[in-house]
Amino acid sequence: MRIEEYTPELQKAEVFKVLETLQDNWLTEGKKTQELEATLAEYFNCERVVMLPNGTLALFAALKVLGIGPGDEVLVPDFTFFGSASAVILTGAKPVFVDVDEYDFNISVESAEGSISSRTKAVMPVHVYGQSCDMLSVAKLAQRYGLLIVEDAAQGMGVTFDDRHVGTFGDIGCISFFADKTITTGEGGALILNDAELAKECIYFKNQGRLNRGKFVHERVGYNFRITDLQAAIGVGQLARLGEVIKRKQVIRSAYYRRLRECPGVKIPIDNGFGNVVPFRANILVDDPEGLSAYLRERDIATRRFFYPLHLQPSLTPENCVVRSKPIISIRLFESGLMLPSGLNLTEHQISRVCRTIEEFQTTVHDTVAAATERREVYDESTS
Ligand SMILES: Cc1ncc(COP(=O)(O)O)c(C=O)c1O
């Protein structure tokens, strides 16, 4: 049977919450969204949470209400999902791609500092693959250069730095509830806010420039960035099980790492120790991720490569972004990283099958190919 890379897990609680909402005959944003926002705010221990249609638009909205626009630059790690950069471009500003740390894959503050210009207005630390950035160093950098902080905590549900939830350190934090995230609303995003005035501006922004619907006087130029209560109902159900989901993710990753630690040519990433880690997936580093991925695919096991470096994306050019120094670690991570199947319903037997297939590739197939390549190189040299 095929082992998927990830599948969302919905239980009866979510189904009942959606049914409740349908029975209430309320489809647009309403009571369920308010309930989700209030429960999330309590969980994050922040002033206010504002739901938005997805993580990319949450980042966009955060940058917009903070006044980022044409002529501005935002420091963005080169190793992140495309949406971190496209949100900046949508404001008219330019993302400046900076390198990341080779151990936790998160923004290198040193690289960020080296890329600051007079146009730099903000830094976007991205909490990648379930580990917090070094928020103390990011905050110091921001303070030294007078930068705003927009945290991309799209993958950061449950992740902490010094016992504080990620997304609560910056001027605004953003979460994604896309289907492959720790908890999901299908599509969905949230703004984490600690400033009541800024929270108000976010509501104006998402609600056509009004604080409440039902009137046609618009105090600001706002837009429609609302969600539906059907999505919020799924979120309320999911959030109730968050602790259980986090534990399951940690157990799955540990099971992989215990076994693969001994596998030749497989490197296991280490935790940075800043706080709670909520593994996005079980990740490994190998010298031929594409070959291993193809070998697993042929055996009905789905994997994903790491992020393709943003500065190499065909659509990101000097017209819309800036690169001041080559993000070497980001390239190296793409060239070695592989995400293993990490669905919550993965069985021990399936984990064992994935590990066995990786061991097979690493010890036989890969070694044979490497030896053949080496022989050919010797032959080529001796005949040239
Ligand atoms: C790091 C990061 N930033 C931003 C996003 C964008 O979120 P969404 O897919 O909800 O727009 C994602 C989603 O995958 C992400 O992983």
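Analysis parameters
- Position numbers for residues count from 1 along each chain, tracking the sequence in the order it is written.
- Two thresholds apply to this predicted model, a pLDDT of at least 70 for residue-level local features and 80 or more for giving and counting side-chain atom pairs, whereas whole-chain, interface and lining totals are computed over all residues.
- Note that the side-chain values use all heavy atoms of the structure and ignore hydrogens as well as water.
- We call a set of buried residues a nonpolar core when its members are Ala, Val, Leu, Ile, Met, Phe, Trp, Tyr or Cys and they connect through side-chain atoms within 4.5 Å of each other.
- For every residue, the accessible area (1.4 Å probe, protein chains only) is compared with the maximum for its type, and the residue is labelled buried under 20%, exposed over 50%, or partly exposed between those bounds.
- Only DSSP runs of H or I with at least four residues qualify as helices, and only runs of E with at least two residues qualify as strands; both kinds are numbered from the N terminus onward.
- Per the annotation, domain bounds derive from an automatic or database assignment of domains.
- In this description, contact between two residues means that some pair of their heavy atoms is separated by no more than 4.5 Å.
- Exposure above 30% relative accessible area and the lack of any salt bridge qualify a residue for a patch; like charges then connect within 9 Å, and the nonpolar side chains Val, Leu, Ile, Met, Phe, Trp and Tyr within 5 Å.
- Only the protein chains shown count as cover for residues, with accessible areas throughout obtained via the Shrake-Rupley method and a probe of 1.4 Å.
- Think of a salt bridge as a Lys or Arg side-chain nitrogen and an Asp or Glu carboxyl oxygen that are within 4 Å of each other.
- Positive charges are assigned to Lys and Arg, negative charges to Asp and Glu, while His and the chain termini are left out of the count.
- Where a charge sits is defined by one atom per residue type, namely NZ (Lys), CZ (Arg), CG (Asp) or CD (Glu).
- A pair of strands is labelled paired if DSSP reports no fewer than 2 bridges between them.
- Axes, fitted as lines to C-alpha atoms, cover a helix only where it is in contact. Angles between the N-to-C directions of the axes lie from 0 to 180 degrees.
- For this analysis, a ring pair means two rings from Phe, Tyr or Trp (six-membered ring only for Trp) whose centres lie within 6.5 Å, classed as stacked if their planes differ by under 30 degrees, edge-to-face if by over 60, and tilted for the remaining angles.

J.: Help me get a handle on the nonpolar core, residues and values and all.
T.: Core analysis: the largest hydrophobic core is formed by 47 residues, its most contacted members being Phe 79, Tyr 129, Ile 172 and Leu 191. Of all the elements in the fold, those that place two or more residues in this core are strand S1 (48-52), helix H3 (55-65), strand S2 (73-77), helix H4 (82-91), strand S8 (172-176), strand S9 (189-193), helix H7 (196-206) and helix H11 (328-336). In terms of residues, this core owes the most to one element, H3, which gives 7 residues. Built from parts of two domains, this core gets at least three residues from each of domain 1 (12-240) and domain 2 (243-383). Those residues in contact with Phe 79 that lie beyond four places of it in its chain are Val 100, Phe 105, Val 128, Tyr 129, Phe 306, Phe 307, Ser 330, Leu 333 and Phe 334. Membership of the second largest hydrophobic core comes to 24 residues, among which are Tyr 257, Cys 263, Ala 282 and Val 354.

J.: Tell me about a negative patch on the surface, residues and numbers included.
T.: Residues Glu 47, Asp 171, Asp 195 and Glu 197 make up a contiguous surface patch of negative charge. Inspection of the secondary structure puts Glu 47 in the loop between helix H2 (31-44) and S1.

J.: A description of the sheet that holds strand S3 (residues 94-98) should follow, citing residues and the corresponding values.
T.: An order of S1-S9-S8-S5-S4-S2-S3 is seen for the 7 strands of this open sheet, with the pairing classed as mixed. Of all strands in the sheet, those with a lone pairing partner are S1 and S3, marking the two edges. Looking at each pair of strands side by side, their axes are set apart by 30° on average, direction ignored. Here 3 bridges tie S2 to strand S4 (residues 120-123), and the two strands are oriented parallel to one another.

J.: Provide a residue-level description of the sheet that holds strand S11 (residues 304-305), including the pertinent values.
T.: What the 3 strands build is an open sheet, ordered S10-S12-S11; its pairing is antiparallel. The sheet terminates laterally at strand S10 (282-285) and S11, the two strands that pair on one side only. Sheet contacts for helix H9 (residues 242-260): S10 and strand S12 (337-340); angle to S10, the most-contacted strand, approximately 25°. Across the sheet, H11 touches S10, S11 and S12, and the angle it forms with S12 is around 50°.

J.: Mind laying out the packing of aromatic side chains, listing which residues take part and the relevant values?
T.: Geometrically, a pair of aromatic rings is defined through the distance of the ring centres and the angle of the planes. Counting across every chain of the model gives 19 aromatic pairs. Look at Phe 205 and Phe 225: their rings are 5.1 Å apart centre to centre, the planes differ by 55°, and that puts the pair in the tilted class. Taken as a pair, Phe 205 in helix H7 and Phe 225 in the loop between H7 and helix H8 (229-240) lie far apart in primary sequence, 20 residues in all. When sorted by exposure, Phe 205 lands in the same class as Phe 225, which is buried. Both rings, one in Tyr 223 and one in Phe 225, keep their centres 6.3 Å apart while their planes meet at 70°; by these two values the pair is edge-to-face. On the basis of relative accessibility, which here comes to 37%, the residue Tyr 223 falls in the partly exposed class. A relative accessible area of 10% means that Phe 225 is categorised as buried.

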